[in-house]
Amino acid sequence: MYGEDVHTIAELSIDDYLYPDADLYNVSGLPPLLLPPPTCDLSAGRWVFDNVSTPAYREKDCTFLTKQVTCLANGRPDDTWQYWKWQPNDCSLPTFEARRFMEAMRGKRLMFVGDSLNRNQWESLVCLVQPILSKGRKKVVKRGSFIVFHAKEYRATLEFYWAPFLVESNSDNPNFHSIDQRIISPERIEGHAKYWKDVDYLIFNTYIWWMNTADMKVRRPNSRSWSQHDEVPRIEAYGRVIKTWSDWLNHNIDPARTSVFFMTISPIHNSPNNWGNPGGIKCVKETLPYQNYSQPLDLYHDLRIFDLVVKVASSMEKVPVTVINITRMSDYRKDAHTSLYTMRQGKLLTPKQKADPEKFADCIHWCLPGVPDVWNQILYTKILSKSSWHSNSAPPPLQSLLLPPQ
């Protein structure tokens, strides 16, 4: 099941087999699901202050959150970042309905594969669904590269699998990956990918780990150790990885069963001069989104990577890949990172570390509840759109290419 069947099953109690599944929920009792038209670009829009319908859950009510993202509990003095909803320009984004989503997940596996930003999104999804699950019938099991949330009464799992480069690398240990020299094997993926088979929804990402250097260290074919490597330009190495990944999908995934998604770039807010705060330090003390929607915010993304993902995904006919463009909307959210209210190497930042924000502020990961909840709202919309198409026995409309952020 997860590479360690016996151990994982042993984590489940006898109650899991005695208690019945959740009754089939009549989703017709929920407000009508109004899906946006496939032509609507969900990535183009604006953040609207809304302290009525947001946040979707409370930090203190989701016990599955890790201390890395519990900014209020970690001492953040403001909470305004939680009260913004994303409003696309040309349509509306459906509200995340946990019961409707879990009915779609009944008996299925959903898996995020990638780096800690995909884990950030996985934590968000767990918090979005867990309120409707019975006490004692939900749990998280950690095993190797997996973190698995069991929604037992739905016989469903929401999973995260650590693979920061998707392919095999010397950074694949989920607990010990602070490595000075990160080295990848661009053509080797099976060590990870063997765990992705028979999953119903696969959500991939890989970006942030590519941004430390302009050139990537690449292990030589047939070498005996990681020390035997060459340096190649970042975009060349990324292209090799995406080819290995797409080839694996085409040879191993049944599109009738598995839906595949790819999350685009999640931004780093380290350049306050770019949003008009020349005296600022990274994202520290930012409390409001950037709201000049007529002036795109330049955060120095490597848009070659964005373009390459869109190009490869649009060319995959056997196994369709839906690219979810979170980049533009997330660019505006300089206020929503964990900043100084997070952990470093398993411990909350000390007063001495907080006094050195240039070194210790985390402007990569996101407080929860927060921005990743909107990413999951879009994922929810895409998944239910696919379910709707399947139930109507009609093929999905061709997805229009996503435009990169300007």
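The name an unreviewed UniProt entry gives the protein chain is Trichome birefringence-like N-terminal domain-containing protein, with Digitaria exilis as the organism. Quoted verbatim from the Subcellular location (unreviewed entry) field of the UniProt record, the comment on the protein chain reads "Golgi apparatus membrane". Taken from UniProt, the Sequence similarities (unreviewed entry) comment for the protein chain reads in full: "Belongs to the PC-esterase family. TBL subfamily."

A. Main features of the sheet that holds strand β3 (residues 109-114). Read from one edge of the open sheet, 7 strands run β4-β5-β6-β3-β9-β12-β13, paired in mixed fashion. Edge positions in the sheet fall to β4 (138-143) and β13 (321-324), since each of these pairs with one other strand and no more. In this sheet, adjacent strand axes meet at a mean angle of 15 degrees when their direction is disregarded. Pairing analysis gives 6 bridges linking strand β5 (residues 146-151) to strand β6 (residues 156-162), with the strands arranged antiparallel.

B. Layout of the side chain of D302. Within the fold, D302 resides in the loop between β12 (259-263) and α7 (303-315). The contact partners of D302, leaving out residues within four places of it in the chain, are Y207, M211, R234 and I265.

C. Local environment of the side chain of N120. Relative to the elements of secondary structure, N120 occurs in helix α4 (residues 116-129). Ignoring anything within four residues of it in the chain, the contact list for N120 reads V69, H365, W366, L368 and P372.

D. How the structure looks around the state of the cysteines. This structure, assessed with the given rule, holds 4 disulfides. One disulfide in the model links C71 with C367; its S-S distance is 2.1 Å. Given an S-S torsion of about -95 degrees, the disulfide between C71 and C367 has left-handed geometry. One end of the pair, C71, is in the loop between β1 (45-49) and β2 (84-88); the other, C367, is in the loop between β17 (362-366) and α11 (371-391), and 296 residues separate them in sequence. Residue C71 is classed as buried on the basis of its relative accessible area, which comes to 0%. The class of C367 is buried, set by a relative accessible area of 0%. Two residues share a disulfide in this structure: C283 and C363, whose sulfurs sit 2.1 Å from each other.

Thresholds applied
- Positions within a chain are numbered from 1, following the residues in the order the chain's sequence is written.
- Thresholds applied to this predicted model are a pLDDT of at least 70 for local features of residues and 80 or more for the giving and counting of side-chain atom pairs; totals over whole chains, interfaces and linings are not thresholded and use all residues.
- Each side-chain value is worked out from all heavy atoms of the structure, with water and hydrogens disregarded.
- UniProt positions are given in the numbering used here, feature names are shortened, and annotations may be inferred rather than shown by experiment.
- At least two bridges found by DSSP between two strands is the condition for calling them paired.
- Secondary structure elements are defined from DSSP: runs of H or I of at least 4 residues count as helices, runs of E of at least 2 residues count as strands, and each element is numbered from the N terminus.
- Fitted lines through C-alpha atoms give the axes, limited to the stretch in contact for helices. The angle between two N-to-C directions lies from 0 to 180 degrees.
- Contacts are assigned to residue pairs that have any heavy atoms within 4.5 Å of one another.
- Note on terminology: disulfide denotes any pair of cysteine sulfur atoms within 2.5 Å.
- Here the term buried applies to any residue with accessible area under 20% of the maximum for its type, exposed to any over 50%, and partly exposed to those in between, with areas from a 1.4 Å probe on protein chains only.

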